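Chains, contacts and geometry: an overview
Below are the chains, spelled out letter by letter.
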Amino acid sequence: MSPTWALYSYIICSYAAGIVLCLAPWSTLWDHNYFVELLGIRDTIASGWVRGAISGLGAVNLMLAIRSILSISKLPAKTTDAGQHEIEV
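Residues numbered from 1 in each chain as written. Predicted model: local features only at pLDDT ≥ 70, side-chain atom pairs only at ≥ 80, totals over all residues. Heavy atoms only, no water.

Our next topic: the packing of aromatic side chains. Given two aromatic rings, their pairing is described by the distance between the two centres and the angle made by the two planes. Scanning the model with the defined rule gives two aromatic pairs in all. An angle of 65° between the planes, with centres 5.8 Å apart, marks the rings of W5 and Y8 as edge-to-face. Here W5 pairs with Y8, and both are found in helix α1 (residues 5-23), just three residues apart, close to one helical turn. On the basis of relative accessible area, Y8 is assigned to the partly exposed category, the value being 34%. Ring plane angle 70° and centroid distance 5.5 Å describe the contact between Y34 and F35, whose orientation is recorded as edge-to-face. (Phe/Tyr/Trp six-rings, centres within 6.5 Å; stacked < 30°, edge-to-face > 60°. Helix = DSSP H or I, 4+ residues; strand = E, 2+ residues; numbered from the N terminus. Buried < 20%, exposed > 50% of the residue type's maximum accessible area, 1.4 Å probe, protein only.)

One pass over the full model with this rule turns up two salt bridges. One salt bridge connects D31 with R51, and the closest N-O pair in it is separated by 2.4 Å. Note that D31 is positioned in helix α2 (residues 28-31) and R51 in helix α5 (residues 48-73), a separation of 20 residues in sequence. Measuring nitrogen to oxygen at the nearest pair gives 2.5 Å for the salt bridge that ties E37 to R42. In this structure E37 comes out as exposed when scored by relative accessible area, which is 55%. Look at R42 and you get partly exposed, because its relative accessible area is 34%. (Salt bridge = Lys/Arg side-chain N within 4 Å of Asp/Glu carboxyl O.)

Turning next to α5. Each full turn of the α-helix corresponds to 3.6 residues, which orients residues three or four apart in the same direction. Its 26 residues place the ends of α5 37 Å apart at the C-alpha level, agreeing with the 38 Å of an ideal helix rising 1.5 Å per residue. Regarding α5, the residues found buried are R51, I54, S55, G58, N61, L62, A65, S68 and I72. The secondary structure elements touched by the buried residues of α5 are α1, α2 and α4 (42-45). Its side-chain oxygen placed 3.2 Å from the backbone nitrogen of W49, S47 serves as the N-cap of α5. (Expected span 1.5 Å × (residues − 1). Contact = heavy atoms within 4.5 Å. Polar contact = N/O pair within 3.5 Å; in protein donor to acceptor, adjacent residues only side chain to side chain.)

Moving on: α1. The terminal C-alpha atoms of α1, which comprises 19 residues, lie 27 Å apart, in line with the 27 Å expected from a rise of 1.5 Å per residue. For α1, the elements touching its buried residues are α5.

Before going further, it helps to examine the side chain of R51. Residue R51 is classed as buried on the basis of its relative accessible area of 11%. In this structure the side chain of R51 is engaged in a polar contact, spanning 3.3 Å, whose partner is the backbone oxygen of P25.

Set out below in structure tokens:
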């Protein structure tokens, strides 16, 4: 059985979330957000600790996406009776 679309979707979502979480805390949109003003958490959100923690979560998502990509390339190929190659998951 070949890797399914669910696996590819997981990789794409993990990569996209990683990029957004790594870059968003350091952008100007982070400081000028409607929800920050609504909830009154500007001082907490502007903290370097919070920004670093969220960027760290983004780095974890990126590492998971890379690990999943590498695991697909390391899957052993299995030959079927018809001579076609399949990848075991």
